[in-house]
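A structural walkthrough
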Amino acid sequence: MMEFIEADWDAPPGVRGVATTRAGGTSQGPFASLNLALHVGDDATAVRSNRARVREALRLTAEPCWLEQEHGTRVVNACQGVERPRADASIGRGPGQVCAVLTADCLPVLLCTRAGDRVAAVHAGWRGLAAGVIESTLAALESPPDEVLAWLGPAIGPAAYEVGEDVRARFTAGDARAAGAFTANPRGRWQADLRALARLRLHAAGVPAVSGHNLCTWAEPERFYSCRRERTCGRMATLVWIE
């Protein structure tokens, strides 16, 4: 059975945000079963079938804007008509523009305006977060930050996400408060909390309304793909649109 995780935020009527899981598709092997990524080595026919299933189940009137993600800060308009634009965030400015990001441990961030006239989906791994992908998306959204709502989707949790001092230094160099998102472990490395880092960035940018949950992609192998847990795997999608 296909499962959708609804964004639990105070979005205005007409704004929908959901995250998929790995259940309910046609992919086989390490990609079983609802892999939505074409770049991971899965059979392209299966991926396109999975995407069609998601579109039908969600009753989407348009194909989502599938990105060629680069762990950078580029933001594109979801309606620009380019197949797989190279970017890590997209913005929708009206009905029929479906924003989507693919993840399997990285943090998906959804944004919408309180007026319900603009939405965005952001791919926020540690590199994108440190480089400013959230700030770039907020700037492209062209809305006062205090009029923006944010939702954080399923991602790897701090108990499973070990990083080196170089990652910690990238964040703390720009904001000393980021040190609170890292916990030292016995191996001389750090356990990083992506959600805490994203919340810090959002609040610093002026976005007060940030919601989400603590679903860990690494901890639930039957429900989520995880690159840290299995090097070869599929990708979930997190989508947002205006109905």
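Our structure's up above, just so we're on the same page.
On a predicted model such as this, the values are computed, not experimentally measured, just so you know.

Topic: the overall build of the chain
Assigned secondary structure in the chain consists of five helices and 13 strands. The C-alpha radius of gyration of the chain comes to 17 Å, within 12% of the 18 Å expected for a compact globule of 243 residues. Once the C-alpha set of the chain is aligned to its principal axes, its extents read approximately 45 × 45 × 30 Å. Taken over 243 residues, the chain has a buried fraction of 54%. Look at the contacts in the chain between residues 6 or more apart in sequence, and 63% of them connect residues 24 or more apart.

A short note on the sheet that holds strand β5 (residues 99-103)
The strand order across the open sheet formed by four strands is β1-β2-β13-β5, and the pairing between neighbours is antiparallel. Each edge of the open sheet is held by one strand with a lone partner, namely β1 (4-6) and β5. Averaged over all pairs of adjacent strands, the angle between their axes in this sheet comes to 20°, without regard to strand direction. Pairing geometry for β1 and strand β2 (residues 15-20), over three bridges, is antiparallel. Looking at the pairing, Ile5 lines up with Ala19 of β2.

Topic: the nonpolar core
Formed by 36 residues in total, the largest nonpolar core has its most connected members in Leu111, Phe171, Phe182 and Leu202. Setting aside chain neighbours within four positions, we find Phe171 in contact with Trp126, Leu129, Ala130, Ala178, Phe182, Leu197 and Arg201. Ala87, Val101, Ala121 and Tyr225 belong to the second largest nonpolar core, which has 26 residues in total.

What counts and how
- Residues numbered from 1 in each chain as written.
- Predicted model: local features only at pLDDT ≥ 70, side-chain atom pairs only at ≥ 80, totals over all residues.
- Heavy atoms only, no water.
- Helix = DSSP H or I, 4+ residues; strand = E, 2+ residues; numbered from the N terminus.
- Rg over C-alpha atoms; globule rule 2.2 N^0.38 Å.
- Buried < 20%, exposed > 50% of the residue type's maximum accessible area, 1.4 Å probe, protein only.
- Contact = heavy atoms within 4.5 Å.
- Pairing = 2+ DSSP bridges.
- Axes fitted to C-alpha atoms, helices over the stretch in contact; angles between N-to-C directions.
- Core = buried A, V, L, I, M, F, W, Y, C linked by side-chain atoms within 4.5 Å.

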